[in-house]
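Examination of the molecular architecture
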Protein chains: 2
Amino acid sequence: MGKVRHSRFDCSPGCSVEAAVGLIDGKWKSVVLFHLLSGTLRFNEIRRHVHNVTPRMLTNQLRELEADGLVERKVYAQVPPKVEYSLSPLGRSMEPILLALKDWGDTNIGLYGKPRATDPREVSDAA
Amino acid sequence: MGKVRHSRFDCSPGCSVEAAVGLIDGKWKSVVLFHLLSGTLRFNEIRRHVHNVTPRMLTNQLRELEADGLVERKVYAQVPPKVEYSLSPLGRSMEPILLALKDWGDTNIGLYGKPRATDPREVSDAA
DNA sequence: CGGGATCCTCTACGATACTG
DNA sequence: CAGTATCGTAGAGGATCCCG
């Protein structure tokens, strides 16, 4: 999301919605969070799960998730390095959202393709 | 979200999640959808609800929502113009997601502030 | 293994002005 | 009222190389 850090909290009820979305609107964030629902993962494990994400971006997204308090990062002082990522309680609290998203996606996309097939140029002159 | 149009559907289970997020990741989309949950709204009504959105952006977001099949646009051939926006059945099917988002936001942000100071430029004009 | 540093591109977002 | 047209910007996202 370029500018999509939904960070304005001066709006009406939609505010909460925007704020919540703002935490998962990174290109890979939702997927990362979703995979972390299953348990702790190491950096390269996430990489393999997500597919096509570059190290830089994954680090970036993980750092933001960490800064948002959704993900916890545990570094083992070893060599070779070992870093584990897991959901914080706050991150775990997003499970309903993640599941709702997956549920919707499974129903509306997995079955018959993505919705973005409609024609924008549609004028209803009824009534 | 610069590049956050999550449009790749070639990933594993996270795929559905990403796809669903991709439909609401526009800066104003989630808020617009949320407000449309309450019923049909006219262009400037949405503008007033959302606050701070420019006509251009609102049009843009509405057009994408329409193209994604989430929102329906009804134009009345009158003068002055009258255009009504409402949720399509598909859009309505996102209600659980929207509510989950709002619920999370209300709980985790409304109470004790946002989890992270995302935006440097705070509320300057609304004060 | 798990990143950091650099450089670059692209486009979502925004300000402003105008119109049928 | 409900947009459209232009122009400009930031910064999210990406490619590549390197490091402890």
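One can find the structure itself at the top, above this paragraph.
It should be emphasised that the depicted structure is a prediction, and the values quoted were computed from it without experimental measurement. All residue numbers refer to positions counted from 1 along the written sequence of the respective chain. Key to labels: chains lettered from A, ligands numbered from 1, both in the order written. Note on the predicted model: pLDDT of at least 70 is required for a residue's local features to be given, and 80 or more for side-chain atom pairs to be given and counted; whole-chain, interface and lining totals, by contrast, use all residues. Water and hydrogen atoms were dropped before computing side-chain values, which therefore reflect all heavy atoms in the structure.

1. Structural notes on the packing of helix α3 (residues 43-50) of chain A against helix α4 (residues 55-67) of chain A
Residue and element names in this part refer to chain A. For every element, the axis is a line fit to its C-alpha atoms; helices are fit only across the contacting stretch, and the angle between N-to-C directions ranges from 0 to 180 degrees. Helix numbers and strand numbers start at the N terminus; a helix is a DSSP run of H or I with at least 4 residues, a strand a run of E with at least 2. Contact geometry for α3 and α4: axes closest at 11 Å, N-to-C directions at 110°. As summarised for this structure, α3 and α4 are arranged roughly perpendicular, according to the angle between their axes. Contacts from Phe-43, Ile-46 and Arg-47 of α3 reach α4 at Pro-55, Leu-58, Thr-59 and Leu-62. Looking at the contact of α3 with α4, its residues break down into 5 nonpolar, 1 polar and 1 charged. By definition in this entry, angles of less than 35 degrees are roughly parallel, angles greater than 145 are roughly antiparallel, angles of 65 to 115 are roughly perpendicular, and the rest are oblique. Residue contacts follow a heavy-atom distance rule, with two residues in contact if any of their heavy atoms lie within 4.5 Å. Residues are sorted three ways: Asp, Glu, Lys and Arg are charged, Ala, Val, Leu, Ile, Met, Phe, Trp, Tyr, Cys and Pro are nonpolar, and all the rest, Gly among them, are polar.

2. With respect to the sheet that holds strand β2 (residues 71-76) of chain A
All names here are of chain A. With antiparallel pairing, the 3 strands of this open sheet are ordered in space as β1-β3-β2. At either end of the open sheet lies a strand with only one pairing partner, and these are β1 (41-42) and β2. For β2 and strand β3 (residues 82-87), the ladder comprises 6 bridges, and the chain directions are antiparallel. Residue pairing for β3: Tyr-76 is matched across the bridge by Lys-82. Here a strand pair is declared whenever DSSP counts at least two bridges between the two strands.

3. So, the sheet that holds strand β2 (residues 71-76) of chain B
All names here are of chain B. Strands sit in the order β1-β3-β2 across an open sheet of 3 strands; the sheet is antiparallel. Strands at the two margins of the open sheet, each flanked by one partner only, are β1 (41-42) and β2. In the packing of helix α2 (residues 29-36) onto the sheet, the strands contacted are β1, β2 and β3 (82-87), and the crossing angle to β3 comes to about 90°.

4. So, the packing of aromatic side chains
Each Phe, Tyr or Trp ring, with Trp reduced to its six-membered ring, pairs with another whose centre is within 6.5 Å; inter-plane angles below 30 degrees give stacked pairs, above 60 give edge-to-face pairs, and intermediate values give tilted ones. Summed over all chains, the structure comprises 0 aromatic pairs over all chains. Put simply, a charge is over a ring when the Lys NZ or the Arg CZ is close to the ring centre, within 6 Å, and near the line of the ring normal, within 35 degrees. Sitting over the ring of Tyr-76 of chain A, Lys-82 of chain A keeps its end group 4.7 Å from the ring centre.

5. Thoughts on the packing of α2 of chain B against helix α4 (residues 55-67) of chain B
All names here are of chain B. One can describe the packing of α2 onto α4 by two numbers: an axis separation of 10 Å at closest approach and a directional angle of 70°. The angle between α2 and α4 places the two elements in the roughly perpendicular class. Counting all contacts with α2, which are made through Lys-29, Val-32 and Leu-33, the residues of α4 involved are Leu-58, Gln-61, Leu-62, Glu-64 and Leu-65.

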